[in-house]
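# Working through the structure, step by step
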Amino acid sequence: MNAPAPAGLGDDFISRRIDAQRVQLLYDQAPLGIVANLMIAPVLTFLLWDEAPRSALLIWLALLETTLVIRLILVIIHQRRAAEAEKVERWVERYIWACAATGTCWGGCVFLLALTPSLVHQMFICLILGGVLMGGILTMTSVMTACVAYALPLVLPPALWLLLQDDLMRAVMGFTGVLYLLLALGTAHRYHRVLSQALRLALENLELARSYARVQEQTERANRHLAEQQAALQDSVEALREFYRSISAPRRHAGDQIQTLLAMGCQRFGAGTGILARIDGDRYEIVQMISSRHDLAQGESFSLVESCCQHTLRARQPVAFDRGSAWPARQPSRHLRLTVETYLGAAVQVGGQPFGTLNFSDARPRPSPFAAVDLELIQLMAQWVGAIIDQDRAAAAAQRQHALLAHASRLNTLGEMASGLAHEINQPITAIALYTETCLARLHAGQAQPKEVRETLEKIAAQSVRTNTIIQQIRHFARQSKPQYLTVRIKDLFEDIADFLRLEMRRNRLQFHQRINPNLPPVLADPLQFQQVVLNLIRNAADAMSASEEPRIITVFARHVGDTVEIGVKDTGPGVAPDILNQVLNPFFTTKPDGLGLGLSISQSIVEAHGGRLWATPNPGPGITFHFSLPVASRVTTPERLSGDLSLEAN
Ligand code: ADP
């Protein structure tokens, strides 16, 4: 039974290949039989030379040898044109005809039998015929038609002739000849089948081996592709991780974060220089950079014309080249005064407007081109830089607004305290006037003692200092300035506004308790803003208690809690109803007829800008306590924004 053909190979295909192989075998084995025939025929002629007519012998020999030569020529031509596999049928057909011709010539021996009366010679002829029959069939088993075409004309005429002779011996010889013919053809047929099966198996094995090799190659290719994809994926993940690490580092300055990003980019892209450039008209300026080159500096500007920066801005996607020679415009080298062989850059947009470029370059060519993930990464980095600058600008604008609001709030506080302050200033001035009048009167009366005059003048001077101090405090409190974060002690900050506090207490007839631990760690704070928050809370407490029964007490305390210093302002007023407690920090929330509702929300944003928080808790007894926390100075970096320093702001 035939084995099934391997998947993908048609039975037809295999059959054609087997046919081709059989024909090839036919031609390969032919020379041996042909040469034997070429030699046997002359030997037979020689032996019958005196027994049969010589002319008949020679004609027979010539015909036979001609067919043999034709077969030999066919074999030679076939070998030379072995590649013409598609012409298999024609080749087999030719050879079958040639075999039939040779077989017929051998069958022509019937005439020699008839012409040779000697039984011995006739037996010899039959022996020769039997030999060439067997030899021929053996070389032709691969193509059964050739066997039949060769054997039938070779055996039948002599055998039939012998059978027709009136002689038992000859009849037996004829019968034996027919028997040999059937036997030879039967055996040839069996060999033919075995050979076909063997060829089929060999071919199928070969095809199996080939398809296995093909599958193996495909698998290897797929594995390689998979490995490449996996490597690319890992690379992307690593790039994103690096990117995330650099942008998520706990820094508060946009400039620091961009600097870290540039360092990460230089390392990732193998570049010696990383630049954030800002366009300004027809020039671009280096806003931030990392470079080992000493001839490039932050703040330096270059012409934009035909520069990498310009090409990057024009391109809608990241621009990359790993060999400078491949870059269409080499002018960038001229502008940067260096040979840029490697460049990777992307446009940075801020608020939808072109800002500049983020780029990485190197004077050396890259060993391999930038990968797709590199282009995606720089795009992501440029987008992030744009967003950071945008945020930075928004924060700067918000901070300016906040400063303006805080200033307005301070002026408002001063306005509300104006009558009290006027009284506070008025008192020493009245005292000065009184002392001066008394002193002058004594002088006019000539009763002035030098000691007495000196003491009066000292009192006048003291009152002047006092007036001046109050005026200075008012001026200081009213001034408009940028936040200045300093390492300060809470106690000192309270001392600076002691006059204001005293004034409030006196004006509102309040008791004031101050419980501040002198050993508290210093905090990082803007003194003016701190004082503003304290005054807001104290004045709110005073307002709340204005209608309360006495005792009206305000207690200020400060304590160390974890990494913060917590400051509290506690009153004995009516407190805040639970349903509005969570609203008091909202801007414009007020329960006062002339209130603005901004004091607490401004205080909250001031505290949060310091890295702290503001909250309120009802007291166990009457009143409420407002708390705010400030980080201990040693635990924080300066919360100043550096946008101005970094020149990230638009010009
Ligand atoms: P304003 O003082 O202009 O009303 P604030 O933001 O300072 O604005 O205060 C908002 C509101 O919070 C006040 O109107 C008041 O109802 C409430 N509040 C603030 N502090 C106290 C306090 N110590 N006791 C009771 N209520 C308070």
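Now for a description of the structure that goes with this document. (Residues numbered from 1 in each chain as written. Predicted model: local features only at pLDDT ≥ 70, side-chain atom pairs only at ≥ 80, totals over all residues. Heavy atoms only, no water.)

The next point concerns the pairing of strand E5 (residues 342–350). With 7 of 9 residues buried, E5 is to be regarded as a mostly interior element. The sheet contact formed by strand E4 (residues 319–321) and E5 spans 3 bridges and is antiparallel. Looking across to E5, one finds that phenylalanine 321 is bridged to tyrosine 343. Two strands pair when backbone bridges link them, and E5 and strand E6 (residues 353–362) are joined in this way by 9 bridges, in the antiparallel orientation. Bridge pairing links alanine 347 to threonine 357 in E6. (Buried < 20%, exposed > 50% of the residue type's maximum accessible area, 1.4 Å probe, protein only. Helix = DSSP H or I, 4+ residues; strand = E, 2+ residues; numbered from the N terminus. Pairing = 2+ DSSP bridges.)

Spatially, the 6 strands line up as an open sheet ordered E3-E2-E1-E6-E5-E4, and their pairing is antiparallel. The sheet is open, and its two borders are formed by strand E3 (301–303) and E4, each paired with just one other strand. Each strand of the sheet is rotated relative to its neighbour by a mean of 25°, with strand direction disregarded. Pairing of strand E2 (residues 283–291) with E3, which is carried by 3 bridges, proceeds in the antiparallel orientation. Counted as the bridge partner of arginine 283 is serine 303 from E3. Docked against the sheet, helix H8 (residues 254–269) engages strand E1 (273–280), E2, E5 and E6, running at close to 75° with respect to E2. Running at roughly 35° to E5, helix H11 (residues 372–416) makes contact with E1, E4, E5 and E6 of the sheet. (Axes fitted to C-alpha atoms, helices over the stretch in contact; angles between N-to-C directions. Contact = heavy atoms within 4.5 Å.)

If you roll a probe as big as a water molecule over the atoms, it shows you where there is empty space left. Here the largest pocket defines a volume of roughly 910 Å³. For the largest pocket, the lining is made up of 34 residues, of which Asn540, Asp543, Thr590, Lys592 and Leu600 are closest to its centre. For the lining of the largest pocket, the secondary-structure elements that each account for two or more residues are H11, helix H16 (527–545), strand E11 (564–571), helix H18 (599–609) and strand E13 (624–631). In terms of residues, the lining of the largest pocket owes the most to one element, H16, which gives 7 residues. The residue makeup of the lining of the largest pocket, split by class, is 17 nonpolar, 11 polar and 6 charged. (1 Å grid on protein atoms, 1.4 Å probe; cavity = no way out; pocket = protein on both sides within 12 Å on 5 of 7 lines; lining within 4 Å. Points joined across faces, edges and corners; volume = space filled by probe spheres on them. Nonpolar A, V, L, I, M, F, W, Y, C, P; charged D, E, K, R; others polar.)

Keep in mind these values describe shape, not function.
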